[in-house]
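Structural overview for review
Below, each chain spelled out in residue letters.
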Amino acid sequence: MFDEGKIVIIGASNVGTAVLNKIVDFGLASEVVLIDINEKKCMGESLDTSHATACISSHNIYIHEGDYEDCKDASMIIITAGPSIKPGETPDRLILTKTNCKIMDNVMSQIVRYTKDAIILVVTNPLDVATYYVSANFDYPREKIIGTGTLLETFRLRRILADYYHLDPKLVHGYVLGEHGNSGFVAWSTVDIASLGLGNMDEFFNRDYKLNKGMIEQKIMQVVYDVINLKGCTNTGIAMVACRFIKAIKYNEYTILPMSSILTGEYGIHDVALSLPCMLNNTGIIKKFTPKLTDEEVGKMIASAKSVKFAMKAIEKKTEAVA
Ligand code: NAD
């Protein structure tokens, strides 16, 4: 059954407003609240989007700017506060660690004053550092904190492979795992197309050359920086990712998606947040899966953990795990 409920979005810029607009288009809540240190922006964005709800095909959703007290009865909170990488900057989300952990501190300290019930979806980068930070440093049920993780890269994998073979991206199954960032990797051992076997596709499509997996993987990891350099930010793909999570939670789907959460021994990894396939329902993460990866893929997962842990050394505060 669908839970209409209230969604609070923190951060009302490129990503926050794209998420807002998709929630409204899909009718995923009865009320959406925008919070940002830039109150004028919240007011303008919520007013603008509220006018779209008057269309015959729209959902009559109550949209308004608000404050943290609105979290009290929210069913979900989406954190998009904090800057992104700008065009021309070092192409590595981990450079945002210090700045955005301070913002996570500010945001999460406010949230916990009002709720421990809402499911929190972390979108802010560096995604795995931010997910770790809010999960490890605050008294909040961990299963209710989800980082969007590598679902966006997984969508990119689907799109890029679909373009390569000229087919529907929804036929592509499998995962990008590890860091939402440069050390993330395609778990090729999980990838399949239409249950026909990835390894058979070149023959089915009469390709003279074997699929160049390295090139596909490089494209997936690079394309984010291409988008940032071309349009100044990424927001549309991530908004769809956020809505995929919102739908899974609000419809109590028991679906399985790659998402970021703190690992507790999976592949021998502790005390760092990374993406694994997890099962999700309206209470949050209910099960984490450790697919049978190749030794090389496990090595990449461990390298991802090292990379994110290394970046966390820049955080001054709290976190027993980063010492
Ligand atoms: P942006 O710089 O345009 O906007 C950030 C917003 O956060 C601003 O409106 C700012 O006023 C607000 N903000 C800053 N400090 C705040 C605080 N303490 N409380 C409330 N609001 C605060 O950034 P953007 O392009 O909208 O991106 C937002 C975040 O989403 C970035 O960290 C970006 O890297 C991340 N992102 C993540 C993914 C993903 O796959 N997880 C994809 C795209 C972008």
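So, here is what we can say about the structure in this document. What you see is a predicted model; the values in this text were computed from it and never measured. (Residues numbered from 1 in each chain as written. Predicted model: local features only at pLDDT ≥ 70, side-chain atom pairs only at ≥ 80, totals over all residues. Heavy atoms only, no water.)

Before going further, it helps to examine the packing of aromatic side chains. Throughout the structure, instances matching the rule amount to 3 aromatic pairs. Considering the side-chain rings of Tyr165 and Phe205, the 5.5 Å spacing of their centres and the 35° angle between planes classify their relative orientation as tilted. Placement of Tyr165 in helix 5 (residues 151–165) and of Phe205 in the loop between helix 6 (201–204) and helix 7 (213–231) is noted, with a sequence separation of 40 residues between them. Put simply, the rings of Tyr164, Tyr165 and Phe205 pair up and form one aromatic cluster. Over the ring of Tyr164 we find Arg207, and its NZ or CZ is 4.8 Å from the ring centre. (Phe/Tyr/Trp six-rings, centres within 6.5 Å; stacked < 30°, edge-to-face > 60°. Helix = DSSP H or I, 4+ residues; strand = E, 2+ residues; numbered from the N terminus. Lys NZ or Arg CZ within 6 Å of the ring centre and 35° of its normal.)

For the rest of this paragraph, the subject is a nonpolar patch on the surface. Side chains of Leu196, Phe204 and Phe205 sit close together on the surface and give an oily, nonpolar patch of about 280 Å² of accessible area. Position of Phe204 among the secondary structure elements: in helix 6. Exposure remark for Phe204: the relative accessible area of 46% places this residue in the partly exposed category. (Patch = residues over 30% accessible without salt bridge, like charges linked within 9 Å, V, L, I, M, F, W, Y side chains within 5 Å. Areas by Shrake-Rupley, 256 points an atom, 1.4 Å probe, with all protein chains shown as cover. Salt bridge = Lys/Arg side-chain N within 4 Å of Asp/Glu carboxyl O. Buried < 20%, exposed > 50% of the residue type's maximum accessible area, 1.4 Å probe, protein only.)

Let's shift gears to the site of the ligand. In the vicinity of the ligand, 24 residues are found, and the nearest of them are Ser13, Asp36, Pro83, Val123 and Asn125. The contact in question runs from an oxygen atom of the ligand to an N or O atom on the backbone of Gly82, over 3.0 Å. His180 places a polar side-chain atom, nitrogen or oxygen, 3.0 Å from an oxygen atom of the ligand. Looking at the shell around the ligand, the elements that each hand over two or more residues are helix 1 (14–26) and helix 3 (97–114). The element best represented in the shell around the ligand is helix 3, accounting for 4 residues. Tallied by class, residues from the shell around the ligand come to 11 nonpolar, 12 polar and 1 charged. Here the shell around the ligand spans two domains, and each of domain 1 (6–147) and domain 2 (150–314) adds at least three residues to it. (Near = heavy atom within 4 Å. Polar contact = N/O pair within 3.5 Å; in protein donor to acceptor, adjacent residues only side chain to side chain. Nonpolar A, V, L, I, M, F, W, Y, C, P; charged D, E, K, R; others polar. Domains from an automatic or database assignment.)

None of this, on its own, says anything about what the molecule does.
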